Amino acid sequence: MTSPPSHLWLNALLQALQFVQSTWLGALYALGITDDSHGAPAWPWAQRIAGENLVIDVALARQFAWMLAAIAFAIVCLLLALCWRRAWRWLTAAAIGALVLSPWPSPTLWLTAAVPTSFHSSPTGFTVDSIARGSRIYSAQCAACHGADGRGEGPLAATLRRWPPTMASALLSRRADGELFWHVLYGMRDDQGVTMPGFVGRLSDREVWAALDYMRVLSASAGMAAGGSWPVPIALPSVAVKCAGRPDRPLDAWRGHQRVRVVAVDAAHPPPFEDPRFLTLLIRRDDGQATGPATASVRKVATVAAPGNVTPLFGTRADCVADARDAWPVFAQIAGASAAGLAGTEWLADRDGWLRALAPAGRRGWADGGLMCTTSTSLQDGDTASARDPLTATLREMDNDPVRFVKGGFVH
Ligand code: HEC
């Protein structure tokens, strides 16, 4: 889910804390005080600020902010006292007063255990290829416990002391990426011993990141199976985009600028018309996967976009295609649909690159309620949905309700 409180100040606070901690880490590394670990500077302490606690406990976050403000005020007063001798008594008294009056929330609430890779971020770029690689690793190494569907009910699960958690939840998005990575490499334990085995030596760093990429997709499909929606907005997987007559570009090139509509097409579902409100990206079933007559019909799709077939009244057909053979199965899984029944499905990603809305194949287009992940603040504008067509309504809803996404307690 998008983060519960919508307080802008809280996001700003979390962003500032993240910035300060990672800049500090970069400085320590530059000075040679800390080493690197798995390809990035290692966090040298056993604790870090628990953004995940601040984000769910607004009262705690407020106390924490007051504490920081009081400390900053006291420092300023003391510095002034040094320069301005005549007022030093007053300034020192003000500094002490601020420190005494400030709330001092217990550090056990705002600190949490950290690992050397706590501040690492995934190097994979969440590409379709990495997700597909992760899917093979997951089936071979993880599904026995976590279950093929990611709901924690694999064949070995019942033999474990602790059941693996279900991925049909916000678990993966709550934890810091670097900590998930560490847990998969070095395992997890509780007071009585190991709960999940580590994979160091068996999987490379890259393979662990890929498995985590796949688990995010699994989280979306497990959420679809369990409740008909994604537990959290999922990032739009990146893929090389081929547009007729233009050089290939990665899909992330549109991130921050343009919304993206992904459409699964086949012979019976030709590419839609271009729409200036978003980039339309077509995904097609790889020829090698389709069999018999379907292969011929998939090829035919490409010709639908030929200028001769276009009715000028409606503009041109979309012609940007995802250039990865795994795009079809990856997007099918995100939609919680079978690969065979995917054609006709549409997905919408917002300008920040989050997949937000889904129009399943059977529905043939957009209806109200396409948005998969909303916060309670959505749809406050005065317009009535009936005054707009369903696609416009969904776009409006998406724009009005941006993902205030918090990752390991920090804005992602
Ligand atoms: C022997 C069974 C088993 C296998 C194999 C296994 N896991 Fe786990 N996994 C668990 C259990 C049990 C937990 C819950 C541990 C806990 O909360 O202490 C868990 C937890 C996790 C978590 C949540 C971590 C967190 O920070 O809460 C992730 C992510 C994860 N596993 C990924 C993987 C991946 C990726 C693989 C394969 C490379 C894998 N697991 C293989 C049993 C397993």
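One numbering rule holds for all chains: residues counted from 1, following each sequence as written. Residues qualify for local features only when their pLDDT is at least 70, as the model is predicted, and side-chain atom pairs are given and counted only at 80 or more; totals for whole chains, interfaces and linings, by contrast, use all residues. Water and hydrogen atoms play no part in the side-chain values, which are based on all heavy atoms of the structure.

**Section: unusual backbone geometry**
Backbone geometry places His38, a non-glycine residue, at a positive phi of 50°. Under the DSSP-based scheme used, a helix requires at least four consecutive residues in state H or I and a strand at least two consecutive residues in state E, with every element numbered from the N terminus. Tracing the sequence through the fold places His38 in the loop between strand S1 (36–37) and strand S2 (40–41). Only protein chains enter the calculation, and the probe is 1.4 Å; a residue is then buried if its accessible area is under 20% of its type maximum, exposed if over 50%, and partly exposed in between. Residue His38 is classed as partly exposed on the basis of its relative accessible area, which comes to 28%. Phi at Phe126 is positive, roughly 50°, even though this residue is not glycine. Residue classification places Phe126 among the buried residues on the basis of a relative accessible area of 10%.

**Quick notes on the UniProt feature "transmembrane region" (unreviewed entry) in the chain**
UniProt positions are given in the numbering used here, feature names are shortened, and annotations may be inferred rather than shown by experiment. Summarizing the sequence annotation, UniProt attributes the feature "transmembrane region" (unreviewed entry) to residues 64–84 and 91–113 in the numbering used throughout. The distance from the first to the last C-alpha atom of residues 64–84 is 30 Å, and the span holds 95% helix and 0% strand. This span, residues 91–113, is 65% helix and 13% strand, and a straight line between its end C-alpha atoms measures 37 Å.

**Quick word on the coordination of the iron atom of the ligand**
Those donors, His146 (NE2) and Met196 (SD), are the protein atoms that reach the iron atom of the ligand, and they lie 2.0 to 2.1 Å from it. Given six donor atoms and angles of 83 to 178° at the metal, the environment of the iron atom of the ligand is assigned as octahedral. One end of the pair, His146, is in helix H6 (residues 128–146); the other, Met196, is in strand S6 (residues 193–196), and 50 residues separate them in sequence. Comparing His146 with Met196, the two get one shared label, buried. Here the coordinating atoms are restricted to nitrogen, oxygen and sulfur within 2.8 Å of the metal centre, or 3.2 Å for Na, K and Ca, and because water is not among them the sites may look incomplete. Any site counts as irregular unless it has four donors with all angles between 85 and 135 degrees, making it tetrahedral, or four or six donors with opposite ones more than 155 degrees apart and the rest between 65 and 115, making it square planar or octahedral.

**Remarks on the nonpolar core**
Generally speaking, soluble globular proteins have nonpolar side chains that are buried together. Ranked by internal contacts, the top residues of the largest apolar core, which has 62 residues, are Trp230, Leu251, Val260, Ile283, Phe331, Trp347 and Leu355. Take this core: its biggest share by element is 11 residues, from helix H9 (residues 205–227). If you count residues domain by domain, this core takes at least three from each of domain 2 (128–227) and domain 3 (234–399). Here, nonpolar core means buried Ala, Val, Leu, Ile, Met, Phe, Trp, Tyr and Cys residues that are tied together by side-chain atoms lying within 4.5 Å of each other. Grouped together as the second largest cluster of nonpolar side chains are 12 residues, Leu10, Leu14, Leu17 and Met67 included. Boundary definitions for the domains trace back to an automatic or database domain assignment.

**Description of the state of the cysteines**
Two cysteine sulfur atoms form a disulfide, by the criterion used here, when they sit within 2.5 Å. For the coordinates displayed, the defined rule picks out one disulfide. Between the sulfur atoms of Cys243 and its disulfide partner Cys320 the distance amounts to 2.0 Å. Measuring the twist about the S-S bond at about 110°, one finds the Cys243-Cys320 disulfide to be right-handed. Of this pair, Cys243 sits in strand S8 (residues 240–243) while Cys320 sits in strand S12 (residues 320–322); the two residues are 77 residues apart in sequence, bridging distant segments of the chain. We note that Cys243, like Cys320, is buried.

**Comments concerning the pairing of S6**
Any two strands between which DSSP finds at least two bridges are classified as paired. Sheet analysis places strand S5 (residues 188–190) next to S6, joined by three bridges and oriented antiparallel. Of the residues in S6, the one forming a bridge with Met188 is Met196. In this antiparallel pair of consecutive strands, S5 and S6, the connection spans two residues.

**Quick word on the pattern of salt bridges**
Two side chains of opposite charge can pair, provided their charged atoms sit close to one another. We define a salt bridge as a side-chain nitrogen of Lys or Arg found within 4 Å of a carboxyl oxygen belonging to Asp or Glu. Across all of its chains, the model carries 12 salt bridges by this definition. In this structure, Arg246 and Asp319 form a salt bridge, with 4.0 Å as the shortest nitrogen-oxygen distance. One end of the pair, Arg246, is in the loop between S8 and strand S9 (249–250); the other, Asp319, is in the loop between helix H10 (293–304) and S12, with 73 residues separating them in the sequence. The partly exposed category is assigned to Asp319, whose relative accessible area is 22%. We note a salt bridge from Arg356 to Asp350, for which the minimum N-O separation is 3.3 Å.

**Topic: the packing of H9 against helix H11 (residues 327–335)**
Between H9 and H11, the least distance of the axes is 6 Å, while the angle of their chain directions is 40°. In terms of orientation, H9 lies oblique with respect to H11. Contacts between H9 and H11 pair Tyr214, Val217, Leu218, Ala220, Ser221 and Met224 from the former with Val330, Gln333, Ile334 and Ala335 from the latter. Any residue outside Ala, Val, Leu, Ile, Met, Phe, Trp, Tyr, Cys, Pro, Asp, Glu, Lys and Arg is labelled polar, Gly included; the first ten of those are nonpolar and the last four are charged. Here the contact of H9 with H11 is composed, by residue class, of eight nonpolar, two polar and no charged. Angles run from 0 to 180 degrees between N-to-C directions of axes, and those axes are lines fitted to C-alpha atoms, restricted for helices to the stretch in contact. Any angle that is under 35 degrees is reported as roughly parallel, and any over 145 degrees as roughly antiparallel; angles of 65 to 115 degrees are reported as roughly perpendicular and all others as oblique. Note on contacts: a residue pair qualifies if any of its non-hydrogen atoms lie within 4.5 Å across the two residues.

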